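Spelled out from the first residue to the last, the chains are:
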Amino acid sequence: MAEYQFPSEFSGFHFHFVGIKGTGMVALVEILHARGAVITGSDVSERFYTDEILEKLGISALPFSEKNITDSVRFVIYSSAYSVDKNPDLIEAKKRGLPMMLYSEALGAVSGTSYSCGVCGVHGKTTTTGLCGTLLKELPLDSQVLAGSIIKSFGDSCVMTKGHEYFVAETCEYQRHFMAFEPKKIILTSVESDHQDYYPTYEDILQAFVDYICKLPEGGQVIYCADEKGACQAVEKALARRSDIQAIPYGENASGDYKLTFGRVESGVHYFTVAALGECALCVPGDHNVRNAVAALALSCELLKTAGKNPGDYSEGLKNGLRNFAGGKRRSEIVGRAKTPLGQDVIFIDDYGHHPTAIKTTLAGFKEFYRNHKIIVDFMSHTYTRTAALLEEFASSFESADRVIINKIYGSARENADSASVTGEILADHAKKYHKDVSYAGEFGEAAELGLSFLSEPSGKDFPDGYVFVTMGAGDNWKVGVKLMEKLS
């Protein structure tokens, strides 16, 4: 837990954010701004997509300076990217004895002021949280939802606000950040080996999720994916410690209200049935997103029960919410459309998938959803440690793509590239063992030229609707799609 607690009322309370342009930081800015707080913040001058959110709120990011810490500042929230001993804002705040919190600690402090629910898992956190907010917009619940990216149905914002009696937030497992959160209910989508720099073994990351579940109060609920082995293991271990926790499964292998039965995919709509609600429909691709939708339905229904309401009375609103969900930024996001030199259609998609399981399931979803399109994926792996630890899993994850381009690795600031045991070229060589059409293009300009050459060919009789070009990864290879769209325009 953080050393300091927030006031019960935020109106007129001045927070200063250091690293305010970060996605999570901006989302927290939106939360506090909506509750009446006064916000200032500092960051680098480079423009990010989050600048648009700050501008809508009337907030300008200041250059880092000790002058930003004025007499009215009551609290400082900072990104882990900045050092308390090196950043001028933080040095001044420390000199003045102001309370300071990391983003994760501040989110935890906010959670203590509401009936809070945490969405966690190695995959699907942002989409599931976005779905929760889209559903809660349709329900008579005083609620606020914070996602880790811009959600279209939130009005291109990271936050949905209609009060704050109930608070739902994406919570992150990295460095056990979610342990600062105070959940009454938890959604657990998945547990797999990840963040190998912090969790060297699967058992390490599994234990973190078990500890998080055990933060639930007596009778608290964990809503978990019964189709995912790691999630089931985490819940089983948590229940061995805390038999009072309510474990609520969802998915194909679940019993009860949230049992899922997959249906047809037709005209850009994925139909499925949930035991408690009947047939539902989702307009984003992939079985994994259907599971995310069922998780969000389960949490929404359980919150209605907590509020003394019958979920069955709100089934139409819940189904409308699902249909209104259009995804989030960098989550299967359609970023543009163009024509090839031969006049064929190209849909450009950008996706944040950076773990082998996410890559595999997302591309499989695209293959089913865009079944008459030829799929080209440009992938940039994120961190040398993750790539080295899961090299064969990454290499074999592109089976649903028709052509694969692999870029250089997007390293973390925590890593030394010179001593890394793996490169993007090594990953491409391994991928060739599993896929017949893999190319390495380290730099983005080279990748865009290669993509243009691929799109200059006929897609073939098996793909009469043209192409889908996907940029995928947690790095900045979305720029390849931008360069390619510019070439085609």
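Criteria and cut-off values
- Residues numbered from 1 in each chain as written.
- Predicted model: local features only at pLDDT ≥ 70, side-chain atom pairs only at ≥ 80, totals over all residues.
- Heavy atoms only, no water.
- Salt bridge = Lys/Arg side-chain N within 4 Å of Asp/Glu carboxyl O.
- Helix = DSSP H or I, 4+ residues; strand = E, 2+ residues; numbered from the N terminus.
- Buried < 20%, exposed > 50% of the residue type's maximum accessible area, 1.4 Å probe, protein only.
- Disulfide = S-S within 2.5 Å.
- Pairing = 2+ DSSP bridges.
- Axes fitted to C-alpha atoms, helices over the stretch in contact; angles between N-to-C directions.
- Contact = heavy atoms within 4.5 Å.
- Right-handed = clockwise from strand over helix to strand, strands pointing away.

A.B. asks: Tell me about the pattern of salt bridges, and name the residues and values.
C.D. replies: One pass over the structure, following the stated rule, counts 27 salt bridges. Glutamate 173 serves as the salt-bridge partner of lysine 125, at 3.4 Å between the closest nitrogen and oxygen. Linking lysine 125 in helix H5 (residues 125-136) with glutamate 173 in the loop between strand S8 (166-170) and strand S9 (185-188), this pair joins segments that are 48 residues apart in sequence. For the residue pair lysine 125 and glutamate 173, the accessibility class agrees, reading buried in each case. For aspartate 476, the salt bridge goes to lysine 479, with nearest N and O atoms at 3.3 Å. Three or more residues are tied together by salt bridges with common partners; here these are Asp71, Glu92, Lys95 and Arg96.

A.B. asks: Any details on the state of the cysteines? Residues and values, ideally.
C.D. replies: The tally for this structure, following the rule as stated, stands at zero disulfides. For cysteine 132, which is in no disulfide, the shortest distance to another cysteine sulfur is to cysteine 117 and amounts to 8.2 Å. As a non-bridged cysteine, cysteine 301 has cysteine 280 as the owner of its nearest cysteine sulfur, 9.2 Å distant. On the accessibility criterion, cysteine 301 (2% relative accessible area) is buried.

A.B. asks: I'd love a proper account of the sheet that holds strand S19 (residues 438-440), names of residues and values included.
C.D. replies: The six strands are arranged S15-S16-S20-S17-S18-S19 in an open sheet whose pairing can be described as mixed. Strand pairing shows two members of the sheet lacking a second neighbour, strand S15 (333-339) and S19, which therefore form its edges. Strand-to-strand twist in this sheet, taken as the mean axis angle between neighbours without regard to direction, amounts to 20°. Each of strand S17 (374-379), strand S18 (403-406) and S19 is contacted by helix H13 (residues 424-431), which is oriented at about 165° to S19, the strand it contacts most. Docked against the sheet, helix H15 (residues 478-488) engages S15, strand S16 (345-351), S17 and strand S20 (467-472), running at close to 160° with respect to S16.

A.B. asks: Please provide a residue-by-residue account of the pairing of strand S12 (residues 260-266), values included.
C.D. replies: Taken together, the five bridges between S12 and strand S13 (residues 269-274) define a ladder with antiparallel strand orientation. Paired with leucine 260 across the two strands is valine 274, which belongs to S13. Here S12 hands over to S13 after two residues, with serine 267 in that stretch at a positive phi of 55°.

A.B. asks: Give a description of the pairing of S9 that names residues and reports values.
C.D. replies: Of the two faces of S9, the one holding Lys185 and Ile187 and the one holding Ile186 and Leu188 are both buried throughout. In terms of strand pairing, strand S5 (residues 115-120) meets S9 through four bridges, oriented parallel. Looking at the pairing, cysteine 117 lines up with lysine 185 of S9. With helix H6 (residues 202-213) bridging S9 and the parallel strand S10 (residues 221-225), this β-α-β connection has right-handed handedness.

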